[in-house]
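An overview of the molecular structure
The residues making up each chain are set out below.
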Amino acid sequence: MQSKNNQKIIDGICTGHTQTLTAFYRRNLPCIRKLVLNNQGQETDVEDLFQDSMLQLYQQLNTKTTHITCSIHSYFYAICRNNWRYTCRKKKRSTQVPLHTEIPEAPAVVHTIAQQEEKNLYQTHFSKLNASHQRILQLFLLGNSASEIAQQTGYSENYVRKKKFEAKKNLLSSIEKDPVYQELKLHHT
């Protein structure tokens, strides 16, 4: 359950309330600066990371599918931390971003962010499948049996099973080759 203050900050971010945004910036910038500068970043990286993460937070809050169960500040820090890891990985830097942060709620937040990254990874690679594979997997995920899918698509049941196997194999192969998958896999071990 979110506190009233937490919800007020979320509402202020969503509506672009200047005082809320200014207070949020002042409250969170020192933590983000420390994160970046302690992990091979420059002062210019701090502003870029903060702004990119703020935009991401804004987009997540406005989708109405994000449910924040911790402090908005902890959630924002986790977004920044994950974005900085990604930036370092892209630039081939090593980073010493600690797995456990000073923010007590961070492990739950990091888990939530990791789940979102897994979902995004799946959706990205799912969208690369051909239309036939996408349709068959969607129908299976909706709980349809092979015979029901065969009736809906006009294919034989054996063909549906074969296409489902191919689609899953292609999807998993594509996901496993993605560097993001490798990093997510490391965090789960």
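**Digging into the overall build of the protein chain**
Counting its regular elements, the protein chain contains nine helices and zero strands. Helices and strands appear in the protein chain in the N-to-C order α-α-α-α-α-α-α-α-α. Split into buried and exposed, the 189 residues of the protein chain put 37% on the buried side. Restricting the contact set of the protein chain to residue pairs at least 6 apart, pairs at least 24 apart contribute 58%.

**Considering the side chain of Asn39**
Topologically, Asn39 is positioned in the loop between helix H2 (18–37) and helix H3 (43–63). Within the local environment of Asn39, its side chain forms a polar contact with the backbone oxygen of Leu35, the two atoms lying 2.7 Å apart.

**Focus: the nonpolar core**
Of all hydrophobic cores here, the largest spans 25 residues; its most connected members are Ile13, Phe24, Ile32, Leu57, Leu61, Ile72 and Phe76. Mapped by element, the contributors of at least two residues to this core are helix H1 (4–15), H2, H3 and helix H4 (72–90). Looking at this core element by element, the count peaks at eight residues for H4. Phe126, Leu129, Leu137 and Leu171 belong to the second largest nonpolar core, which has seven residues in total.

**Remarks on unusual backbone geometry**
With a phi close to 65°, Gln40 is a non-glycine residue in the positive phi region. Structurally, Gln40 is set in the loop between H2 and H3. Here Gln40 falls in the partly exposed class, since its relative accessible area comes to 43%.

**Side note on the packing of helix H7 (residues 146–153) against helix H8 (residues 157–177)**
One can describe the packing of H7 onto H8 by two numbers: an axis separation of 8 Å at closest approach and a directional angle of 105°. Classified by the angle between their axes, H7 and H8 sit roughly perpendicular to one another. Counted together, Ala146, Ser147, Ile149, Ala150 and Thr153 of H7 and Glu157, Val160 and Arg161 of H8 form the full contact between these two elements. In terms of residue class, the contact of H7 with H8 is built from four nonpolar, two polar and two charged.

**Digging into the packing of aromatic side chains**
According to the stated counting rule, one finds four aromatic pairs in the structure shown. Arranged with centres 5.1 Å apart and planes meeting at 70°, the rings of Phe24 and Phe76 form a pair that is edge-to-face. Residue Phe24 is located in helix H2, and its partner Phe76 is located in helix H4; the two are separated by 52 residues in the primary sequence. Just as Phe24 is buried, Phe76 falls in that class too. Ring geometry for Phe50 versus Phe76: centroids 5.0 Å apart, planes at 65°, classification edge-to-face. Of this pair, Phe50 sits in helix H3 while Phe76 sits in helix H4, placing them 26 residues apart in sequence. Side by side, Phe50 and Phe76 carry an identical accessibility label, which is buried. Members of the aromatic cluster, connected to one another through ring pairs, are Phe24, Tyr25, Phe50 and Phe76. One cation-aromatic arrangement involves Lys164 over Phe140; the distance from NZ or CZ to the ring centre is 4.3 Å.

**A closer look at the confidence of the model for the protein chain**
Per-residue confidence for the protein chain averages 80 on the pLDDT scale, and 82% of its residues sit at or above 70. Note on residues 94–105: pLDDT under 50 across the span, and 27 contacts to partners over four residues away in sequence or across chains.

**Quick look at the packing of helix H6 (residues 131–141) against H8**
Their axes nearest at 9 Å, the elements H6 and H8 cross at an angle of 100°. When the axis of H6 is compared with that of H8, the two are roughly perpendicular. Residues His133, Ile136, Leu137 and Phe140 of H6 pack against Val160, Lys163, Lys164, Glu166, Ala167, Lys168, Asn170 and Leu171 of H8. Looking at the contact of H6 with H8 residue by residue, the class counts come to six nonpolar, two polar and four charged.

Thresholds applied
Throughout this description, residue numbers start from 1 for each chain and increase along the sequence as written. At least 70 in pLDDT is required for a residue's local features to be given in this predicted model, at least 80 for side-chain atom pairs to be given and counted, and no such filter applies to totals for whole chains, interfaces and linings, which use all residues. Side-chain numbers come from the whole structure's heavy atoms, not from hydrogens or water. Per the convention used, a helix needs a DSSP run of H or I reaching at least four residues, while a strand needs a run of E reaching at least two, with both numbered from the N terminus. Buried residues are those whose accessible area, probed at 1.4 Å on protein chains only, stays under 20% of the maximum for their type, while exposed residues exceed 50% and partly exposed ones sit between those limits. Pairs of residues are marked as contacts when any of their non-hydrogen atoms sit within 4.5 Å. Polar contact is the term for a pair of N or O atoms within 3.5 Å; when the atoms are in protein, one must be able to donate a hydrogen and the other to accept it, and sequence-neighboring residues count only if both atoms are side-chain atoms. Among the buried residues, those of types Ala, Val, Leu, Ile, Met, Phe, Trp, Tyr and Cys that are joined through side-chain atoms within 4.5 Å form a nonpolar core. Angles shown run from 0 to 180 degrees and are taken between the N-to-C directions of axes, each axis being a line fitted to C-alpha atoms and, for helices, limited to the stretch in contact. Roughly parallel covers angles under 35 degrees, roughly antiparallel covers those over 145, roughly perpendicular covers 65 to 115, and oblique covers all other angles. The residue classification treats Ala, Val, Leu, Ile, Met, Phe, Trp, Tyr, Cys and Pro as nonpolar and Asp, Glu, Lys and Arg as charged. All others, Gly included, are polar. Two aromatic rings from Phe, Tyr or Trp, using only the six-membered ring of Trp, form a pair when their centres are within 6.5 Å; if the ring planes differ by under 30 degrees the pair is stacked, by over 60 it is edge-to-face, and anything between is tilted. Only Lys NZ and Arg CZ are tested; either one counts as a charge over a ring when it is within 6 Å of the ring centre and within 35 degrees of the ring normal. In predicted models, pLDDT denotes the confidence assigned by the predictor to each residue on a 0 to 100 scale.

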